[in-house]
Amino acid sequence: MKKNLTIILLLTLLSSCGKTTQKDNVSLNEKREKIEYTFSEYSEEIPIINLPFHSTCDIELNGSKLGLTNKEISKFGRKDCSVYGKLVDNEKYTAIIYLLPCDIVLPIIQTTDKKGKKISELELHDGYCGEDEFSWGSSSFTINKDLTIQIIDSVSSFERDDKAEIIESTKKVTIKHKQFYINENGKIIERK
């Protein structure tokens, strides 16, 4: 009889321990889901980008290996993006480059205040990148140490003859230059 009572007590203890562990695991997962950290803690994890920084749409930028989930990035940054790096983190604002997967990876600068509220954003590739049978396009950008930004887009369009050769007289080239800067309050402004 003592043996049976000991076995019953042991089984009761083991089953209650298993339930406690499962309950503890659920609460740990709930804590992860809530993402309970500040923008400052989020921003501190993001590496600084060395300036000047230049890239073209032909170069596929890769997100940093921070291990941030989409939900974590969406709390303070761009939804469905990865983080590339941080341009600046001063007493008034933080500027971070996010990467949005599209036909090509689209880099986007987003500035936020010190609590993580968005101030401004700028897509760094403005035009078409790549080619098809009637056009070719390219885009590039440069971010300077003084936080000025140059974006250059060029598109070449043309027609083809019956032999699929480009008809030289139909070639049209369009080049757009845009200049922006990030002001002292984190607003991205286009220079006209």
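Look above for the structure.
### Topic: the pattern of salt bridges
Logical step 1: Going through the model one piece at a time under the given rule, you end up with six salt bridges.
Logical step 2: A salt bridge links Asp-89 to Lys-86, with the nearest nitrogen and oxygen atoms 3.5 Å apart.
Logical step 3: Residue classification places Asp-89 among the partly exposed residues on the basis of a relative accessible area of 33%.
Logical step 4: Here Lys-86 falls in the buried class, since its relative accessible area comes to 6%.
Logical step 5: The partner of Lys-114 in a salt bridge is Asp-89, with the nearest N and O atoms 2.3 Å apart. Linking Lys-114 in the loop between strand S4 (105–112) and strand S5 (118–123) with Asp-89 in strand S2 (residues 82–89), this pair joins segments that are 25 residues apart in sequence.
Logical step 6: On the accessibility criterion, Lys-114 (34% relative accessible area) is partly exposed.
Logical step 7: One connected set of salt bridges, linked through shared partners, spans Arg-78, Lys-118 and Glu-121.

### Thoughts on the environment of Thr-174
Logical step 1: Tracing the backbone shows Thr-174 in strand S9 (residues 166–182).
Logical step 2: The residues contacting Thr-174, other than those within four sequence positions of it, are Asp-153, Ser-154 and Val-155.

### What to know about a nonpolar patch on the surface
Logical step 1: Together, Ile-152, Val-173 and Ile-175 give the surface a local cluster of nonpolar side chains, amounting to about 270 Å² of exposed area.
Logical step 2: Structurally, the position occupied by Ile-152 is in strand S8 (residues 148–160).

### Some thoughts on the nonpolar core
Logical step 1: One finds Ile-97, Ile-109, Leu-124, Ile-143 and Ile-149 to be the most contacted residues of the largest nonpolar core, which totals 21 residues.
Logical step 2: Of all the secondary structure elements, the ones that give two or more residues to this core are S2, strand S3 (94–101), strand S7 (135–143), S8 and S9.
Logical step 3: Every residue in contact with Ile-97, bar those within four places of it in the chain, is listed here: Ile-49, Phe-53, Ser-82, Val-83, Tyr-84, Gly-85, Leu-87, Pro-107, Ile-108, Ile-109, Leu-124 and Ile-143.
Logical step 4: Ranked by size, the runner-up nonpolar core spans twelve residues in total, among them Tyr-42, Phe-76, Cys-81 and Tyr-98.

### Side note on the side chain of Ser-138
Logical step 1: In this structure, Ser-138 sits in strand S7.
Logical step 2: Residue Ser-138 is classed as buried on the basis of its relative accessible area of 16%.
Logical step 3: Those residues in contact with Ser-138 that lie beyond four places of it in its chain are Cys-57, Asp-58, Tyr-128, Ile-152, Asp-153 and Ser-154.

### Quick word on the pairing of S2
Logical step 1: In the sheet, S2 pairs with S3 via six bridges, with the strands oriented antiparallel. Paired with Ser-82 across the bridge in S3 is Leu-99.
Logical step 2: Linking two consecutive strands that pair antiparallel, namely S2 and S3, is a turn of four residues.

### Quick notes on the packing of aromatic side chains
Logical step 1: This structure, assessed with the given rule, holds five aromatic pairs.
Logical step 2: Judged by centre distance (5.9 Å) and plane angle (40°), the rings of Phe-39 and Tyr-42 are tilted. Separated by three residues within a single helix, Phe-39 and Tyr-42 lie in helix H2 (residues 39–44), roughly one turn from each other. Residue Phe-39 shares its accessibility class with Tyr-42, and that shared class is buried.
Logical step 3: Take Phe-39: its relative accessible area is 3%, and that puts it in the buried class.
Logical step 4: Members of the aromatic cluster, each reached through a chain of ring pairs, are Phe-39, Tyr-42 and Phe-76.

Definitions and cut-offs
- Residues numbered from 1 in each chain as written.
- Predicted model: local features only at pLDDT ≥ 70, side-chain atom pairs only at ≥ 80, totals over all residues.
- Heavy atoms only, no water.
- Salt bridge = Lys/Arg side-chain N within 4 Å of Asp/Glu carboxyl O.
- Buried < 20%, exposed > 50% of the residue type's maximum accessible area, 1.4 Å probe, protein only.
- Helix = DSSP H or I, 4+ residues; strand = E, 2+ residues; numbered from the N terminus.
- Contact = heavy atoms within 4.5 Å.
- Patch = residues over 30% accessible without salt bridge, like charges linked within 9 Å, V, L, I, M, F, W, Y side chains within 5 Å.
- Areas by Shrake-Rupley, 256 points an atom, 1.4 Å probe, with all protein chains shown as cover.
- Core = buried A, V, L, I, M, F, W, Y, C linked by side-chain atoms within 4.5 Å.
- Pairing = 2+ DSSP bridges.
- Phe/Tyr/Trp six-rings, centres within 6.5 Å; stacked < 30°, edge-to-face > 60°.

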